[in-house]
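Coordinate analysis (summary)
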2 protein chains.
Amino acid sequence: MADTSAKRLLDSDKTGEPAPDVKRGKTDNENGREGGNESVQENVLSGFKTSSVLSDSAREKNIFIHGKVADQDAVVILEKTPIREDSLAELFSGSTLKLEMKNDIYSTYRLQAPPHLNEIKTTVVCPATEKHIKKYQRKESFLVEETEEDYKNITLPHIVKQSFSVQWVYNILEKKAEAERIVYEDPDPDVGFVLLPDFKWDQKQVDDLYLIAIAHQRDIKSLRDLTSEHVPLLQNIFQKGKEAILQRYNLPASKLRVYLHYQPSYYHLHVHFTKLGYDAPGCGVERAHLIADVIQNLQSNPQYYKTRTLYFPLRADDGLLSKFKEAGRL
Amino acid sequence: MADTSAKRLLDSDKTGEPAPDVKRGKTDNENGREGGNESVQENVLSGFKTSSVLSDSAREKNIFIHGKVADQDAVVILEKTPIREDSLAELFSGSTLKLEMKNDIYSTYRLQAPPHLNEIKTTVVCPATEKHIKKYQRKESFLVEETEEDYKNITLPHIVKQSFSVQWVYNILEKKAEAERIVYEDPDPDVGFVLLPDFKWDQKQVDDLYLIAIAHQRDIKSLRDLTSEHVPLLQNIFQKGKEAILQRYNLPASKLRVYLHYQPSYYHLHVHFTKLGYDAPGCGVERAHLIADVIQNLQSNPQYYKTRTLYFPLRADDGLLSKFKEAGRL
């Protein structure tokens, strides 16, 4: 079966011809005359049967689809291509415009471009295994509203019961692992921390700079545990983290976004430093809290984060979401 | 000049016809027969002369171009549209595939789609002023720290002096423009608002849902003007906005991110509703403020946003940034 499919994929290339039902521009008539031998020139995806959309992104204009190609499981990934400056003249002269809206000096259109100027990058994984399909599956998120009581009754018991291991964090703090990756350390047990690059950053360019400061204090699970007594710790991380990044990467504080996550992905206090202008995953307002805001809020109200209703997204497969659902809080 | 341009933009719609040089599919021959009267059917962008690319995003597949339409300055924004699930069957059967690479079970292609299944959203600003051109030009951003005093001494005088026009907002509130786009309205002069899709959203799929609620009250410039007296307005926008979106788009509140911008892009109170999971531009923690947080903060401290130090990014070419620099605040 695999061979058949692979052959079909290759055939489509070797003929270099569109499927007979694809007609455009001046070749219409020629194609019309060639009709009849569909099996030879068939587009490998023309018989694709969609089973489900695994995920898609309206922002990035891509879609991940699970389906069947000739009875074999396949994953097809479509992604629109960036608009190239060198194609603009031809795009403007060769397209059709449909007016949608006009208001004052603003108007919007749907532009229909010649296909060769507006290609879609297509990746086919065939045959695809269960693992491929899971890999590309998006897990939906839901915004959860967590009151002070919800934290005590739902979230905290869940965290305690799960007793997520943070041994890897302790390994870093004790230099048992990743010691060579440390960018800066303040060893003070109360206000000290270790600063190191996040795994998501390849450190090849500062455009997507991403570092994590991990507090030496071990008893702060998250934002919810912070009170005014932690202001010196937060101020120290904020200040010395910025200085270390300026020194090491020549990036001033005005180019940094410094924040905590709630919920965090592990329950040991840590602070994210990312470059302003880089859309780092998790820098959205629904999960990130600027450390400068956190400090101010604690200064004016020591119990701010103990008492406040907090909002955060949880993925459909997160155990905590089930707990909120069971409690009738979603 | 403005009239001419507006007329040209409209003409393109009224004829409802593609430019003569755009030929596709079965209509080729008909179009061919109609050739010769180019001036009547002209595509408004067919004579567009590009001066420069102001910015582009390979990730988001968009491009912002400055150029001339019939001797008038114009900004043209092109953005590829998200891939729609309901178009997949036709896309697969009606496209041409060109094989690029094959390795084991993985293969990649360039897919050439029928133009009507692969449109490019096009926005034209014409005539465009220097301000528009600057607005769309990619510029580095800097994080600014604005204290209560900075707002009074730097930001507020700048806003007042610039007196940015919000006539287009009043046009919407008075139904002089975009009336047919309104999704929901509460006409109450104190707590009422108009809800309509943001220009960035093509409304073809809810994955990148983006609506704006514009308050009927005209004296609230931004977050900085809000006090506890505005809590009923904010609660009304939050509650009725969510209900309207559930009713119209079948999207529950747990899938929404609802927030204000500071600085806003125009100084008339408005609230952003975007889909959770869609990385909407401007949803980052450095600019967005969840309306639920804003309401809570005002409830516990009526002067919260009048007195708080606020952080926000400003682009290098923003006049306000120069003011902060002149004041030695950056």
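Residues numbered from 1 in each chain as written. Chains lettered and ligands numbered in written order. Predicted model: local features only at pLDDT ≥ 70, side-chain atom pairs only at ≥ 80, totals over all residues. Heavy atoms only, no water.

- Chain A is annotated in an unreviewed UniProt entry as m7GpppX diphosphatase from Astatotilapia calliptera.
- Its UniProt record gives chain A a comment under Catalytic activity (unreviewed entry), which states: "a 5'-end (N(7)-methyl 5'-triphosphoguanosine)-ribonucleoside in mRNA + H2O = N(7)-methyl-GMP + a 5'-end diphospho-ribonucleoside in mRNA + 2 H(+)".
- What UniProt states about chain A under its Function (unreviewed entry) heading is, verbatim, "Decapping scavenger enzyme that catalyzes the cleavage of a residual cap structure following the degradation of mRNAs by the 3'->5' exosome-mediated mRNA decay pathway." (UniProt positions renumbered as here; feature names shortened; annotations may be inferred.)

**Quick word on the overall build of chain A**
- If you tally the helices and strands in chain A, you get 11 helices and 14 strands.
- Taking all 330 residues of chain A together, the buried fraction comes to 54%.
- Of the contacts formed within chain A by residues at least 6 apart in sequence, a portion of 61% connects residues at least 24 apart.
- Accessible surface, chain A as shown: approximately 15,000 Å² in total, 48% of it carbon and sulfur. (Helix = DSSP H or I, 4+ residues; strand = E, 2+ residues; numbered from the N terminus. Buried < 20%, exposed > 50% of the residue type's maximum accessible area, 1.4 Å probe, protein only. Contact = heavy atoms within 4.5 Å. Areas by Shrake-Rupley, 256 points an atom, 1.4 Å probe, with all protein chains shown as cover.)

**Description of the domain arrangement of chain A**
- Domain annotation of chain A identifies domain 1 (48–136) and domain 2 (141–327).
- The C-alpha-based centres of domain 1 of chain A and domain 2 of chain A are spaced at 36 Å. (Domains from an automatic or database assignment.)

**Regarding the UniProt feature "active site" (unreviewed entry) in chain A**
Residues and elements named next belong to chain A.
- The UniProt record annotates "active site" (unreviewed entry) at His-270.
- Mapped onto the elements, His-270 comes out in strand E12 (residues 270–275).
- The exposure class of His-270 is buried, given its relative accessible area of 5%.
- For His-270, the contacting residues outside a window of four places in its chain are Ile-212, Ala-213, Ile-214, Leu-260 and Pro-264.
- In terms of polar contacts, His-270 uses its side chain to reach the backbone carbonyl oxygen of His-268, at 2.8 Å. (Polar contact = N/O pair within 3.5 Å; in protein donor to acceptor, adjacent residues only side chain to side chain.)

**Let's talk about empty space enclosed by the protein**
- Across all of its chains, the model carries nine cavities of 30 Å³ or more by this definition.
- One number sums up the size of the largest cavity: a volume of about 300 Å³.
- Looking at the largest cavity, it is lined by 22 residues, and the ones nearest its centre are Asp293(A), Asn297(A), His289(B), Asp293(B) and Asn297(B).
- Those elements that place two or more of their residues in the lining of the largest cavity are strand E13 (288–290), helix H9 (291–300) and helix H10 (304–307) of chain A together with strand E13 (288–290), helix H9 (291–300) and helix H10 (304–307) of chain B. (1 Å grid on protein atoms, 1.4 Å probe; cavity = no way out; pocket = protein on both sides within 12 Å on 5 of 7 lines; lining within 4 Å. Points joined across faces, edges and corners; volume = space filled by probe spheres on them.)

**Let's talk about the interface of chain B and chain A**
- Contacts between the two partners involve 106 residues from chain B, matched on the other side by 99 residues from chain A.
- Between chain B and chain A, a total of about 9,700 Å² is buried, with carbon and sulfur atoms accounting for 56% of that surface.
- Of all residues in chain B, Ile83(B), Phe92(B) and Val285(B) give up the largest surface area on contact with chain A, accounting jointly for 8% of the area buried on that side.
- At the boundary of chain B and chain A, one finds 44 residue pairs in polar contact (both at pLDDT 80 or more).
- When the residues that make up the side of chain B that touches chain A are grouped by side-chain class, the tally is 50 nonpolar, 28 polar and 28 charged.
- The sheet contact formed by strand E5 (residues 106–112) of chain A and strand E6 (residues 120–125) of chain B spans six bridges and is antiparallel. Residue Tyr109(A) lies in a different strand from E6(B), and its bridge partner there is Thr122(B). (Buried area = accessible area lost by both parts, 1.4 Å probe. Nonpolar A, V, L, I, M, F, W, Y, C, P; charged D, E, K, R; others polar. Pairing = 2+ DSSP bridges.)

**Observations regarding helix H8 (residues 231–249) of chain B**
Residue and element names in this part refer to chain B.
- Between its terminal C-alpha atoms H8 stretches 26 Å, which fits the 27 Å expected from 19 residues at 1.5 Å a residue.
- Among all positions of H8, only Val-231, Leu-233, Leu-234, Asn-236, Ile-237, Phe-238, Gly-241, Lys-242, Ala-244, Ile-245 and Tyr-249 are buried.
- Packed against the buried residues of H8 are strand E8 (184–186), strand E9 (193–197), strand E10 (210–215), strand E11 (256–261), strand E12 (270–275) and H9.
- Trailing H8 by a residue or two, Asn-250 shows a phi angle of about 60 degrees, which is positive. (Expected span 1.5 Å × (residues − 1).)

**Examining the sheet that holds strand E9 (residues 193–197) of chain A**
Residues and elements named next belong to chain A.
- Across the sheet, six strands lie side by side as E8-E9-E10-E12-E11-E13; this open sheet has antiparallel pairing. Only two strands of the sheet have a single partner each, and these edge strands are strand E8 (184–186) and E13. Each strand of the sheet is rotated relative to its neighbour by a mean of 25 degrees, with strand direction disregarded.
- Inspection of the sheet shows strand E10 (residues 210–215) paired to E12 by five bridges, in the antiparallel sense. Bridge pairing in E12 links Ile-212 to His-272.
- Here helix H8 (residues 231–249) sits on the sheet in contact with E8, E9, E10, strand E11 (256–261) and E12, set at roughly 40 degrees to E9. (Axes fitted to C-alpha atoms, helices over the stretch in contact; angles between N-to-C directions.)

**A closer look at the pairing of E9(B)**
Residues and elements named next belong to chain B.
- With five of five residues buried, E9 lies mostly within the body of the structure.
- Burial along E9 is two-sided: Phe-193, Leu-195 and Pro-197 and Val-194 and Leu-196, pointing in opposite directions, are all buried.
- Relative to E9, E8 runs antiparallel, the two being bridged by three bridges. Bridging from a neighbouring strand, Glu-185 pairs with Val-194 of E9.
- What sits between E8 and E9 in their antiparallel hairpin is a turn of six residues.
- Pairing between E9 and E10: five bridges, direction antiparallel. Among the inter-strand pairings, Leu-196 is bridged to a residue of E10, identified as Ile-212.

**So, the pattern of salt bridges**
- Taken as a whole and assessed by the stated rule, the structure comprises 39 salt bridges over all chains.
- One salt bridge connects Arg315(A) with Asp317(A), and the closest N-O pair in it is separated by 3.5 Å.
- Asp198(B) is the salt-bridge partner of Lys200(B), the closest N and O atoms lying 3.2 Å from each other.
- Linked through salt bridges whose partners overlap, the residues forming this network are Arg59(A), Asp279(A) and Glu60(B). (Salt bridge = Lys/Arg side-chain N within 4 Å of Asp/Glu carboxyl O.)

**Here's the deal with the environment of Phe48(B)**
- Tracing the chain through its elements places Phe48(B) in the loop between helix H3 (38–41) and strand E1 (49–57).
- The spatial distance from the C-alpha of Phe48(B) to the C-alpha of Leu314(B) is 31 Å, given a sequence separation of 266 residues.
- With residues up to four places along the chain from it excluded, the contact list for Phe48(B) reads Phe92(A), Ile65(B), His66(B), Gly67(B), Lys68(B), Val69(B), Ala74(B) and Val76(B).

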